[in-house]
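# Chain and residue survey
Residues per chain, in single letters:
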Amino acid sequence: MFTGAGTSAFIGETIYPYIRREIRDRGWEVETISTTNLTSSPFSFLDKNIPTIIVSFARSGNSPESVAAVELAEKLVDDFYEITITCNREGELAKRKRGSDEQLVLILPEEANDKGLAMTSSYSTMMLTALYLFSKNKDAFAHKIRNIANAGEEVLTACKNVIPQLVKLPIQKLVYLGSGVFEGLSRESALKFLELTSGKFPTMFDTTLGFRHGPKSILDKNTMIILYLSNHEYTRKYDLDMLRELFTEQERGPLVAISGIEDPEVENYSDYQINVPLSKEEDIMLTFPNIIFAQTLAYEKSLSSGLSPDNPSPTGVINRVVQGVKIYPFQGEN
């Protein structure tokens, strides 16, 4: 069970479709449930008789819900294990003490412990750690990381050309779309823009096919749409259909396509393009250079809006570690 609060939860949502395929031959069931849901409704997700491993993603390890979630699981599940992936060795989750056979704590490099309000490097570093942990072939995975790093450098270069143009556009709303692993990535991308611009620009995320089922009503000339295109031949057909459909809409704003495959059709049916040089990789590997684009766009829009990206919410509407959460004792049976 992958869990976390906010961006930490979206790590699980991003990697879940990939990991469930990686480990299905072990006979395991895989779920992704936020600690904000798990803590308030533990009886909906925890089963006393099902051996359970909770994988907690935690930048600080001090979010009240994240601590409460593992404490509830320890109380309610007879055969319970925990893996904590955290950026803070001083956090409450990192300091929990259990038997060595029941607990694994992975402390990430200090550089991954973002000092600013919004999670950036912590998101990608915790995600990378989980993918490595559950990979079957560690050497092959290490080779992929070198390719990802090179692709990230190229995306950064592309961002220097494209993002200044996007930041100047008079948009009022932003939508991210993607399928499979890109659904979780789209959710995180939308949140990053919302956080770093202090809510000045409402955001939305959805799957490529799901967008038609009502959410598409958000479109107008001031709405920017960013579509993550899949490398998978089958999924890509749906992404390209949506790209073509959006391009022909009269009431829409700028359309941005981010693709791991150079494709004349993508260029013809979008206003701006970012090409990620990972045409032979699975989509999960594209999430790393893709999030660089989303984080950079949010950062630059924050600056251009007169905000500080490190502290875009100076009035304390949101905080680096969530405030105001009261945890209630759970007395019932699951």
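We now turn to the structure provided with this report. (Residues numbered from 1 in each chain as written. Predicted model: local features only at pLDDT ≥ 70, side-chain atom pairs only at ≥ 80, totals over all residues. Heavy atoms only, no water.)

### A short note on the packing of helix α7 (residues 181–196) against helix α10 (residues 283–304)
Packing of α7 against α10 leaves a shortest axis separation of 9 Å and a crossing angle of 15°. It follows from the interaxial angle that α7 and α10 lie roughly parallel. Taken as a pair, α7 and α10 cross one another with a handedness that is right-handed. The residue inventory of the contact of α7 with α10, partitioned by class, reads 12 nonpolar, 5 polar and 4 charged. (Axes fitted to C-alpha atoms, helices over the stretch in contact; angles between N-to-C directions. Helix = DSSP H or I, 4+ residues; strand = E, 2+ residues; numbered from the N terminus. Parallel < 35°, antiparallel > 145°, perpendicular 65-115°, else oblique. Left-handed = near helix turned anticlockwise from the far one by under 90°. Nonpolar A, V, L, I, M, F, W, Y, C, P; charged D, E, K, R; others polar.)

### Some points on the sheet that holds strand β9 (residues 272–275)
One open sheet accounts for 5 strands, arranged β6-β5-β7-β8-β9; its pairing is parallel. Whereas interior strands pair on both sides, the edge strands pair on one side only; in this sheet they are β6 (203–206) and β9. Ignoring strand direction, the axes of neighbouring strands in this sheet form an average angle of 15°. Where strand β5 (residues 173–177) lies against strand β7 (residues 223–228), 5 bridges are found, and the strand directions are parallel. Looking at β7, one finds that Val-175 is bridged to Ile-225. In this fold α7 packs onto β5, β6 and β7, with an angle of close to 175° to the strand it touches most, β6. In the packing of α10 onto the sheet, contacts are made with β5, β7, β8 (255–259) and β9, and the angle to β7 comes to roughly 160°. (Pairing = 2+ DSSP bridges. Contact = heavy atoms within 4.5 Å.)

### Observations regarding the side chain of Thr-52
Looking at where Thr-52 falls in the secondary structure, it is placed in strand β2 (residues 52–58). Filtering out sequence-adjacent residues up to four positions away, Thr-52 remains in contact with Val-77, Asp-79, Phe-80 and Tyr-81.

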